[in-house]
Amino acid sequence: DSVGDYGTPEQEIPAGGLPGADWESCMTMNDTWGYSRFDHNWKSSTTLIRNLVNCASKGGNYLLNVGPTAEGYIPAESIIRLNEVGRWMDINGDSIYGTSASPFPKPLPWGAVTRKPGKLYLHVWSPEGQSVVLPGLKNKMGRAFLLSDPSREFKVTRIAEGARLSLPEALPDKSDTVIVLEIEGQAKVAPQPPISSNADGSFVLNALDARADSPARYEEDKRAIGYWTDSRATVSWTVEFKTKGAYTVTVEQAVHPDTEGAEYSVEVDGASLTGKTRATDHWNDFRTVDLGTIRIARAGRHIVSVRPTLMPGFAVMNLRTVRLIPEQ
């Protein structure tokens, strides 16, 4: 949360930033704030670069801690990483300095976006295949080129979902390849359409696409809704059902042993199923639970929601996906 003039979340980057507030994420290069000769769990340079980009893409700063020794020396491991981040910034600094937060309301599965008037900086690090999609982008588009080498251009096409940018077989920078997309005016992004079914009629409702009431929020490292510490918080999706019918509902969840026993309901258009969490090994140990069958009485656009009804521990669960599978 923001306290006073600005917010300083420690050791985390809020999934949605802190809208309406100035903020910076304070993070260590290993696990300790001060120098510790026993702490060798150093973050990689790639992780530090992506953390920096992640903060900038959400409208924040990255406050990186360096713990000197008692003699005032910076550890060699820190120097190596700072030099590597510095080399990346020498080439790609324009995509960080003076930029604003991404215009896209939800995290992008392939990386992140920063922007300036007339430009989007696409930070690509985990593409699925040889293209990336910019969902809902409405602007007229110009050239797309590599920030480190403007002579290298990329094909960008208009599609129903927004825009698609074609990628080479291999990205030139494994940590973060920055592509500049020229656009006309300020970035304009259309609201996201409702989720439609797969070819087999099933629905996969991912945490990335969910609307979560605070304090519940998307955690990028787990690809799940976490921090679900308020029983009044609901997680939901807008879904387009082409036909009515019966669906098997499964929930992919992780539950800390100290928090099991939470009860919840999955609700759609007046119908509901109930579930009760059982402990997994830890917050990142996801298991799929079959809740049973729910009947959709009419086709159309509906809200699928997960609503806690009992929270005996300090959190409900980490929720990765809800699946609705049509019954034959």
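Scroll up a little and you will see the structure.
Computed from a predicted model, the values in this text were never measured in an experiment. (Residues numbered from 1 in each chain as written. Predicted model: local features only at pLDDT ≥ 70, side-chain atom pairs only at ≥ 80, totals over all residues. Heavy atoms only, no water.)

### Observations concerning helix α1 (residues 45–57)
Next, step 1: If you check α1, its first and last C-alpha atoms are 18 Å apart, about what 13 residues at 1.5 Å a residue would give, namely 18 Å.
Next, step 2: In terms of burial, α1 is largely enclosed, as 10 of its 13 residues are buried.
Next, step 3: Every buried residue of α1 is listed here: Ser 45, Leu 48, Ile 49, Asn 51, Leu 52, Val 53, Asn 54, Cys 55, Ala 56 and Ser 57.
Next, step 4: Positioned one or two residues after α1, Gly 59 has a phi angle of 85°, which is positive. (Helix = DSSP H or I, 4+ residues; strand = E, 2+ residues; numbered from the N terminus. Expected span 1.5 Å × (residues − 1). Buried < 20%, exposed > 50% of the residue type's maximum accessible area, 1.4 Å probe, protein only.)

### Some words on the pairing of strand β5 (residues 111–116)
Next, step 1: Where β5 meets strand β6 (residues 119–124), six bridges bridge the pair, whose relative direction is antiparallel. Pairing of Gly 111 across the sheet is with Val 124, part of β6.
Next, step 2: Where β5 folds back onto β6 in an antiparallel hairpin, the turn is made up of two residues, including Gly 118, whose phi is positive at roughly 85°. (Pairing = 2+ DSSP bridges.)

### Digging into the environment of Tyr 264
Next, step 1: Here Tyr 264 shows up in strand β19 (residues 263–268).
Next, step 2: Its relative accessible area of 1% is what places Tyr 264 among the buried residues.
Next, step 3: Only 3.2 Å separates the side chain of Tyr 264 from the side chain of Gln 253, close enough to count as a polar contact. (Polar contact = N/O pair within 3.5 Å; in protein donor to acceptor, adjacent residues only side chain to side chain.)

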